[in-house]
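What the coordinates show
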Amino acid sequence: MIATLPESSARERATGAPVVARLHGVSKNYGEIKALRQVDFNIHAGELVALLGPNGAGKTTAVKLFLGLAKPNQGTVSVFGGNPVHPEVRVRTGAMLQVSRVPETLRVREHIDLFSSYYPEPLPISETLSIAGLETIKDRLFGDLSGGQRQRVLFALALCGDPDLLFLDEPTVGLDVEARRVLWEQIRKLVARGKSVLLTTHYLEEADALADRIVVIHQGAIIAEGTPSEIKAQTAGKKIRCVTRLELDAVRRLPGVLEVHQDREALEIHTAVAEPIIRELLARDASLSGIEVTSAGLEEAFLALTRDDNGKTAA
Amino acid sequence: MATASTTLTSSAAQRPLGHMLRIYLKEAKYEFLKNLRLRAYSVSTIFFPVMFYILFGLVLGRNTIGGLSTSAYLIATYSTFGVMGASLFGTAAALAAERGLGWLQVKRASPMPPFAYFAGKVIMSMIFSTTVVMLLLLLGFTFGGVHMGLSQTAQLVATLVVGSLPFCTMGLAIGYFAGPNSAPATINMIYLPLSFCSGLWVPLMFLPKLMRDFARFLPPYHLSQLALGIVGAGRHESNWTHWEYLIGFSVLCLGVARFGFQRDEGKMYG
């Protein structure tokens, strides 16, 4: 496959920078549930790595392990060469976690002032406010903020201590497009300042927009890794929907077709590249109608990836 | 890597004292501001003891209790009631909510010294305790004809504020086991019966003998007896007995809170 070449070069480039945080052979169980299985995962200095996966894949568990908020059942976690629970490691990290309720009767700048005080050399509060775009709402109570503004405050709390390494756990979940783009801009500024960032997300689009490297996690195991374009080539297949007289089985036998479903009167065809298949379909059925081509969702992409793992499409 | 972690550890213990102190002060300051603006806390903590005192100590209290004016007697008991409320709600309600809804985890992921978190809540509660006691004294002096010297007043305030600590520890213990949303109801189910049975609402002498005897086992009883001793009433038992009860109770609560803390850390780190 073509993907092998850039993938190895990506790996070489990534390993060039020193590793700042590492999960080594890590497994984590919550009772019967295996949240992570034998995961090896490195964060390199100055990179933004996205941990991409559906809900329940183990993304938050990985972040918690890196932050010393959970302990692995197996394997080791090291951050800056030490145990993440040590205060001297914690002053070099910042975290934006998913939280159901933040104290609502403190003002934005008060929240930031308090978290800044935990660090030996925090950013000036005015600078934190400016990076997170909070200057105009710094005197508002947290409880009076919109969803996007709240996320930006949590983002500010993660960066106010000027840490070297930041963990952003699903920073844009539940935000509208506009608020999401604003936060993306701010995350890019962080990377421009030379910070290392681990971002978790279940939006391929988000990982694509921000990350130097994407690690795809599924059911607690890493199933793919590479630059955004490599990952997209592997995962972001297309979905063709059309009404045709062709038999389902005939369509399934077309080269490049991964999967076909009958969906009411139409067929849904999953494929890596849409154009050759459309050409073929039109050639065989002149009455073909209602063509729609969409990017396959992440769930479908995962299906494709996990199937790749079983070796079916190895050729 | 071994050398790296050694250098890290050696620098670990060296957060300068000044910086440490600043963290504690900020934590306490913002805990105070947070609760001051939270009317569910600030208003009810101050309002209920004051209202009870005005009603039973000033408006209806024309008699004497055990040779002491009702208005003076009830300053001691309603102050105890107020201190207990400020402490229990100030620690338990916030801890339960912040534990249960993820905020404590955000703070634990930061370099905040864990003890500062608890200290902030205790200091905040003590500020509210002091406020309640001062307000009742002010009302008693102005409208209830209560006379107390400066040293007696200072002694009463100091006793009640130091005596709030057992209830702060009790709050921490409750906070570790109560649900985030049900905590206020849980606190009330403990706070209100405990206050009544300890003679904080109705003086013990008006309660049946069985309840009077039972009260000796309750921590608020002992704090109220210390306060009553200062205003010139009380059962004249040794002050040490009362303090011993309160200290013993605090140790017990701290043990329970510690168990809760370790259970949480176990979930987090185990």
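Small disclaimer: the values here were computed from a predicted structure and weren't measured.

**Topic: the overall build of chain B**
What chain B contains, in helices and strands, is 12 helices and two strands. Counting helices and strands in the order they occur from the N terminus, chain B gives α-α-α-β-β-α-α-α-α-α-α-α-α-α. Out of the 270 residues in chain B, the part that is buried amounts to 54%. Taking the intrachain contacts of chain B between residues at least 6 apart in sequence as the baseline, contacts between residues at least 24 apart amount to 75%. A total of about 12,100 Å² of accessible surface is found on chain B, and carbon and sulfur atoms cover 72% of it.

**Let's talk about the pattern of salt bridges**
Residue and element names in this part refer to chain A. According to the stated counting rule, one finds 25 salt bridges over all chains in the structure shown. Between Glu 185 and Arg 188 there is a salt bridge; the shortest N-O distance is 2.8 Å. One end of the pair, Glu 185, and the other, Arg 188, are both in helix α7 (residues 177–192), three residues apart, so they sit about a helical turn from each other. Judged by its relative accessible area of 34%, Arg 188 is partly exposed. Across the pair Arg 284 and Glu 280 runs a salt bridge, and its minimum N-O distance is 3.0 Å. Placement of the pair is Arg 284 and Glu 280 together in helix α11 (residues 275–284), with a separation of four residues, close to one helical turn. Overall, the relative accessible area of 47% leaves Arg 284 in the partly exposed class. Linked by salt bridges that have partners in common, Arg 241, Asp 263, Arg 264 and Glu 268 make up one network.

**Here we look at the sheet that holds strand β11 (residues 257–263) of chain A**
Sheets are built from strands paired through backbone hydrogen bonds, the pairs being either parallel or antiparallel. Residues and elements named next belong to chain A. Strand order in this open sheet of four strands is β11-β12-β10-β13, and the pairing throughout is antiparallel. Two strands lie at the open edges of the sheet, namely β11 and β13 (289–295), each paired on one side alone. Strand-to-strand, the axes of this sheet are offset by a mean angle of 20°, without reference to chain direction.

**Here we look at the confidence of the model for chain B**
Residues and elements named next belong to chain B. On average, residues of chain B score 90 in pLDDT, and 92% of them reach the 70 mark or higher. Within chain B, no element has a lower average pLDDT than helix α1 (residues 2–12), which sits at 41, and none a higher one than helix α8 (residues 165–175), at 97. Under a pLDDT of 50 for its full length, residues 1–12 has, in the predicted model, eight contacts with residues more than four places off or in other chains.

**Considering the environment of Leu156(B)**
Residues and elements named next belong to chain B. Note on placement: Leu 156 falls in helix α7 (residues 150–162). Separated by 71 residues in sequence, Leu 156 and Ala 227 place their C-alpha atoms 6.1 Å apart. Leaving out residues up to four positions away in the same chain, Leu 156 has contacts with Ile 75, Leu 137, Met 148, Ala 227, Ile 230 and Val 231.

**Thoughts on a nonpolar patch on the surface**
Taken together, the side chains of Ile54(B), Leu55(B), Phe56(B), Val59(B) and Leu60(B) define a hydrophobic patch exposed on the protein surface, amounting to about 420 Å² of accessible area. Mapped onto the secondary structure, Leu55(B) falls in helix α3 (residues 39–59).

**Focus on the interface of chain A and chain B**
Taken residue by residue, the interface counts 36 residues in chain A and 34 residues in chain B. When chain A packs against chain B, close to 3,300 Å² is buried across both sides, 62% of that on carbon and sulfur atoms. Among the salt bridges present, the one from Lys26(B) reaches Asp113(A), with a minimum N-O distance of 3.0 Å. Run the count over chain A and chain B and you get 12 residue pairs in polar contact (both at pLDDT 80 or more). Counting only elements with at least two residues in the side of chain A that touches chain B, the list comes to α3 (87–90), α4 (108–117) and α6 (147–159) of chain A. When residues of the side of chain A that touches chain B are assigned to their parent elements, the largest contribution, six residues, is made by α4(A).

**Let's talk about α4(A)**
An α-helical turn contains 3.6 residues, so any two residues separated by three or four positions project in the same direction. Here α4(A) lies mainly inside the structure; nine of its 10 residues are buried. Taken together, the buried residues of α4(A) touch α5 (125–131) and α6 of chain A together with α2 (17–36) and α5 (103–109) of chain B.

**Things to note about the packing of aromatic side chains**
Per the stated rule, a full pass over the model turns up 23 aromatic pairs over all chains. Note on Phe89(B) and Tyr191(B): the rings are 5.9 Å apart at their centroids and 80° apart in plane angle, and the pair reads as edge-to-face. Linking Phe89(B) in helix α4 (residues 70–100) with Tyr191(B) in helix α9 (residues 183–197), this pair joins segments that are 102 residues apart in sequence. Judged by its relative accessible area of 7%, Tyr191(B) is buried. By way of ring pairs, the aromatic residues Phe52(B), Phe56(B), Tyr78(B), Phe81(B), Phe89(B), Tyr191(B), Phe196(B) and Trp201(B) are connected into one cluster. For Arg92(A), the ring lying beneath its charged end belongs to Phe80(A), and the centroid distance is 3.8 Å. The ring of Tyr203(A) carries the charged tip of Arg180(A) above its face, separated from the ring centre by 4.2 Å.

**Remarks on the pairing of strand β7 (residues 196–201) of chain A**
Residue and element names in this part refer to chain A. Of all six residues making up β7, six are buried, and the element is well covered by its neighbours. Taking every second residue as pointing to the same face, both faces of β7 are buried, with Ser 196, Leu 198 and Thr 200 on one and Val 197, Leu 199 and Thr 201 on the other. Two strands pair when backbone bridges link them, and strand β3 (residues 48–52) and β7 are joined in this way by five bridges, in the parallel orientation. When the sheet's bridge partners are listed, Leu 51 is paired in β7 with Thr 200.

**Details of the pairing of strand β10 (residues 238–243) of chain A**
Residue and element names in this part refer to chain A. Two elements, β10 and strand β12 (residues 266–271), share five bridges in a ladder whose sense is antiparallel. Residue pairing in the sheet places Cys 242 in a bridge with Leu 267 of β12. Relative to β13, β10 runs antiparallel, the two being bridged by five bridges. Bridging across to β13, Ile 240 finds its partner in Val 293.

**Brief notes about the sheet that holds strand β8 (residues 213–218) of chain A**
All names here are of chain A. Pairing is mixed across the open sheet formed by six strands, whose spatial order is β5-β6-β7-β3-β8-β9. Across the chains shown, the open sheet's two edge strands, defined by having one partner strand only, are β5 (93–96) and β9 (221–226). Geometrically, the sheet is characterised by an average inter-axis angle of 15° between neighbouring strands, direction not taken into account. Alignment of β3 against β8, held across four bridges, turns out to be parallel. Paired with Ala 50 across the strands is Ile 214, a residue of β8.

Calculation criteria
Residues numbered from 1 in each chain as written. Chains lettered and ligands numbered in written order. Predicted model: local features only at pLDDT ≥ 70, side-chain atom pairs only at ≥ 80, totals over all residues. Heavy atoms only, no water. Helix = DSSP H or I, 4+ residues; strand = E, 2+ residues; numbered from the N terminus. Buried < 20%, exposed > 50% of the residue type's maximum accessible area, 1.4 Å probe, protein only. Contact = heavy atoms within 4.5 Å. Areas by Shrake-Rupley, 256 points an atom, 1.4 Å probe, with all protein chains shown as cover. Salt bridge = Lys/Arg side-chain N within 4 Å of Asp/Glu carboxyl O. Pairing = 2+ DSSP bridges. Axes fitted to C-alpha atoms, helices over the stretch in contact; angles between N-to-C directions. pLDDT = per-residue confidence, 0-100. Patch = residues over 30% accessible without salt bridge, like charges linked within 9 Å, V, L, I, M, F, W, Y side chains within 5 Å. Buried area = accessible area lost by both parts, 1.4 Å probe. Polar contact = N/O pair within 3.5 Å; in protein donor to acceptor, adjacent residues only side chain to side chain. Phe/Tyr/Trp six-rings, centres within 6.5 Å; stacked < 30°, edge-to-face > 60°. Lys NZ or Arg CZ within 6 Å of the ring centre and 35° of its normal.

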